[in-house]
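# Geometric and topological summary
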Amino acid sequence: WRVGIAVIAKENYPLYIRSVASQSELKFHYTVHTSLDVVEEKISAVGKSLGDQRELYLGLLYPTEDYKVYGYVTNSKVKFVIVVDSSNTSLRDNEIRSMFRKLHNSFTDVMCNPFHNPGDPIQSKAFDGIVSGMMVQTG
Amino acid sequence: MADEAPFQFLHSEVIQYVFGASDSGDAETGRNITKVESMGFRVGQGLIERLTKETSRFKDELDVMKFICKDFWTCLFKKQIDNLRTNHQGIYVLQDSKFQLLSHLSAGKQYLDQAPKYLAFTCGLVRGALSNLGVKSIVTAEVSIMPACKFQVMIQKI
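Residues numbered from 1 in each chain as written. Chains lettered and ligands numbered in written order. Predicted model: local features only at pLDDT ≥ 70, side-chain atom pairs only at ≥ 80, totals over all residues. Heavy atoms only, no water.

### Here's the deal with the sheet that holds strand β3 (residues 57-63) of chain A
All names here are of chain A. Our working definition: Think of it this way: DSSP has to see at least two bridges between two strands before they count as a pair. Only DSSP runs of H or I covering at least 4 residues are called helices, and only runs of E covering at least 2 are called strands; the numbering of each starts at the N terminus. Lines fitted to the C-alpha atoms define the axes, with helices restricted to the stretch that makes contact. Angles between their N-to-C directions range from 0 to 180 degrees. Any two residues having at least one pair of non-hydrogen atoms within 4.5 Å are treated as being in contact.
Strand order in the open sheet formed by five strands is β2-β1-β5-β4-β3, with antiparallel pairing between adjacent strands. Strands with a single pairing partner mark the edges of an open sheet, and in this sheet they are β2 (14-19) and β3. Across the sheet, the mean angle separating the axes of adjacent strands is 15 degrees when strand polarity is ignored. Inspection of the sheet shows β3 paired to strand β4 (residues 67-73) by five bridges, in the antiparallel sense. From the neighbouring strand, L60 faces β4, where its bridge partner is Y70. Across the sheet, helix α1 (residues 25-44) touches β1 (3-8), β2, β3, β4 and β5 (79-85), and the angle it forms with β3 is around 125 degrees. Those strands touched by helix α3 (residues 125-138) are β1 and β2, and its axis lies near 35 degrees from that of β2.

Structure follows, in structure tokens:
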């Protein structure tokens, strides 16, 4: 795949998962799953280190040979994970950051929708549209 | 000034709608209070999601409670909680000496028995906000002289 985006609930089950190219979807799920440990580690490190970083954006979680995994966690402990192909060098940290920001904004709208039940998978078309836009942009 | 009025009117209307005009039995009143509280819960969940969008991650429980007392309360009632106490064992008492939703009832003791209706929604708001931030709690309210009001938050340890 070129790029994949996942939203994980507080209790660590997926709320939304989408990736470009379906043949390697399983690998994408696996990558997101393994990244959760790194997210957990980063969250629990708060207060222990001197340079107390408490930004919502967690940065690059871990790089491997073929892809890069970025993480973001909201105050409600919902995690966003973006996976991009390593060959995609045009993508800067700032752009990833603004992608997360956009995702978070849209997610907030979903949460404030009275017809959405918190904890249910995200079925919002508006959210879907935002994600599609990002995939086109980065893919 | 102008944007607090619609919330106050809507809130009284919700209570009017849920409880109805007639005085019903205790069981019915209890059920209705639960209903209003769960409405507040859902609103609290959504609201806190929006309010914490720009803030950095919270350090601990006390940090979360301070946010509720300052930013959350200001957003809802245009003022902060006047006094926050804790026993550092999971009990927090939030004191508001002039609670907005009670301020239009006559001060003193005349309508004291009606007060629980007007506090249920706010209890739900606080519980919903905390729950979305990962803190399970029980929130109760207490009034002795209107319009002062105390909210007690008991954190449920998992």
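### Overview of α1 of chain A
To keep it simple, the criterion reads: The span you would expect from a helix comes to 1.5 Å times its residue count less one. The rule is simple: take the accessible area with a 1.4 Å probe, protein chains only, and divide by the maximum for that residue type; under 20% is buried, over 50% is exposed, in between is partly exposed.
For α1 of chain A, with 20 residues, the first-to-last C-alpha span of 29 Å sits near the 28 Å given by 1.5 Å per residue. All buried positions along α1 of chain A are accounted for by F28, T31, V32, S35, L36, V38, V39 and I43 of chain A.

### Things to note about the interface of chain B and chain A
Where the parts come together, the accessible area they lose is often given as the size of the interface. Worth spelling out the cut-off: Once two parts are joined, some of their accessible surface, as seen by a 1.4 Å probe, is lost; buried area is that loss totalled over both. When a carboxyl oxygen of Asp or Glu is within 4 Å of a side-chain nitrogen of Lys or Arg, the pair counts as a salt bridge.
Counting from both sides, the interface comprises 18 residues of chain B and, opposite them, 27 residues of chain A. At the boundary of chain B with chain A, total buried surface from both sides reaches about 1,900 Å², with 45% on carbon and sulfur atoms. Per-residue buried area on chain B facing chain A is highest for E49, K53 and R57 of chain B; these three make up 44% of the total on that side. Scanning the region where chain B abuts chain A turns up two salt bridges. Its salt-bridge partner being R101 of chain A, residue E54 of chain B comes within 3.2 Å of it at the nearest N-O pair.

### Here we look at the side chain of T122 of chain B
All names here are of chain B. By the secondary structure assignment, T122 is in helix α4 (residues 115-132). Classification of T122 by relative accessible area gives buried; the value is 1%. Beyond its immediate sequence surroundings of up to four residues, T122 is in contact with W73, F77, F99, L101 and F151.

### A look at the pattern of salt bridges
Going through the model one piece at a time under the given rule, you end up with eleven salt bridges over all chains. Linking R97 of chain A and D93 of chain A is a salt bridge whose minimum nitrogen-to-oxygen distance equals 3.7 Å. Of this pair, R97 of chain A and D93 of chain A both sit in helix α2 (residues 93-112), four residues apart, which is roughly one turn of the helix. In this structure R97 of chain A comes out as partly exposed when scored by relative accessible area, which is 30%. Given a relative accessible area of 39%, D93 of chain A falls into the partly exposed group. Two residues, E37 of chain B and R127 of chain B, come together in a salt bridge whose shortest N-O distance is 2.9 Å. Taken together, the positions of E37 of chain B in helix α2 (residues 26-51) and R127 of chain B in helix α4 put the pair 90 residues apart, joining distant regions of the chain. When its relative accessible area of 25% is taken as the criterion, R127 of chain B is described as partly exposed.

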